[in-house]
Amino acid sequence: MSSEVDTLPDDDVDDLEAGVHASHAVTATPAQVWQHLVSPAGTEALLGDGARIGNKGEPWRASDGSYGVVRSIHPVEQVRVTWHPHDDGPLSMLDVQLHPDGDTTRVEVYHEGRGIAGDPRGDKAHWDEALGRFVGGLPGA
């Protein structure tokens, strides 16, 4: 797994500052990874207990108070959701992309903007852990 802190532009959100990128290659097809991503267990691994990814425009909420709205969904490729750590939390975007790479699928997670801990190191640690839970929950992992 690799991760880095960098600046990522976004035309959907005006108040973005920095972004965190986490990535992990898994021995599974993009379709298998997608099925896990949209399953309750996969969604909860990334977004938190109780979170569910629905259709574009539908809200999601986790039991820890984080919430957002599905902004775009492209089956077997990408899902983007707004992400707020709590009711008064800053707006940010979470972009999850799946890329076939030989016998593996690379799962890319981009968190753009202010977020969880209010600092890039805290955000990086949060998404590294979330991606680890997600990948660890894949069948055969």
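Preceding this section is the structure that the text describes.
Since we're looking at a predicted model, the values are computed, not measured.

## Overview of the nonpolar core
Link 1 in the chain: Core analysis: the largest hydrophobic core is formed by 28 residues, its most contacted members being Val-107 and Phe-134.
Link 2 in the chain: Broken down by element, this core gets its largest block of residues, five residues, from helix H3 (residues 120-136).
Link 3 in the chain: Those residues within four positions of Phe-134 in sequence are excluded, and the remaining contacts are Val-33, His-36, Leu-37, Gly-42, Ala-45, Leu-46 and Val-107.

## Focus: the environment of Glu-112
Link 1 in the chain: Among the secondary structure elements, Glu-112 is positioned in strand S7 (residues 104-112).
Link 2 in the chain: Residue class for Glu-112 comes out buried when judged on its relative accessible area of 6%.
Link 3 in the chain: With 93 residues separating them in the primary sequence, Glu-112 and Gly-19 have C-alpha atoms 4.1 Å apart.

## Brief notes about the packing of aromatic side chains
Link 1 in the chain: Scanning all chains against the criterion turns up one aromatic pair.
Link 2 in the chain: On the numbers, 5.8 Å between centres and 75 degrees between planes, the contact of Trp-83 with Trp-127 is edge-to-face. In this pair, Trp-83 is assigned in strand S5 (residues 78-83) and Trp-127 in helix H3, connecting sequence segments 44 residues apart.
Link 3 in the chain: Relative accessible area serves as the criterion here: at 1%, Trp-127 is assigned to the buried category.

About the thresholds
Each chain carries its own residue numbering, running from 1 in the written order of its sequence. It should be noted that, the model being predicted, local features are given only for residues of pLDDT at least 70 and side-chain atom pairs only at 80 or more, the latter also being counted only at that level, while totals for whole chains, interfaces and linings use all residues. In computing side-chain values, all of the structure's heavy atoms are included and hydrogens and water are not. Nine residue types can take part in a nonpolar core, namely buried Ala, Val, Leu, Ile, Met, Phe, Trp, Tyr and Cys, and a core is a set of them joined through side-chain atoms within 4.5 Å. Per-residue accessibility, obtained with a 1.4 Å probe over protein chains only, is compared with the maximum for each type, and a residue is labelled buried under 20%, exposed over 50%, and partly exposed between these values. By the criteria applied, helices consist of DSSP H or I runs no shorter than four residues and strands consist of E runs no shorter than two, each listed in order from the N terminus. Whether two residues touch is decided by their heavy atoms; if any such pair falls within 4.5 Å, the residues are in contact. Classification of ring pairs rests on two measures: the distance between centres of Phe, Tyr or Trp rings, Trp counted by its six-membered ring, which must be within 6.5 Å, and the angle between planes, read as stacked under 30 degrees, edge-to-face over 60 and tilted in between.

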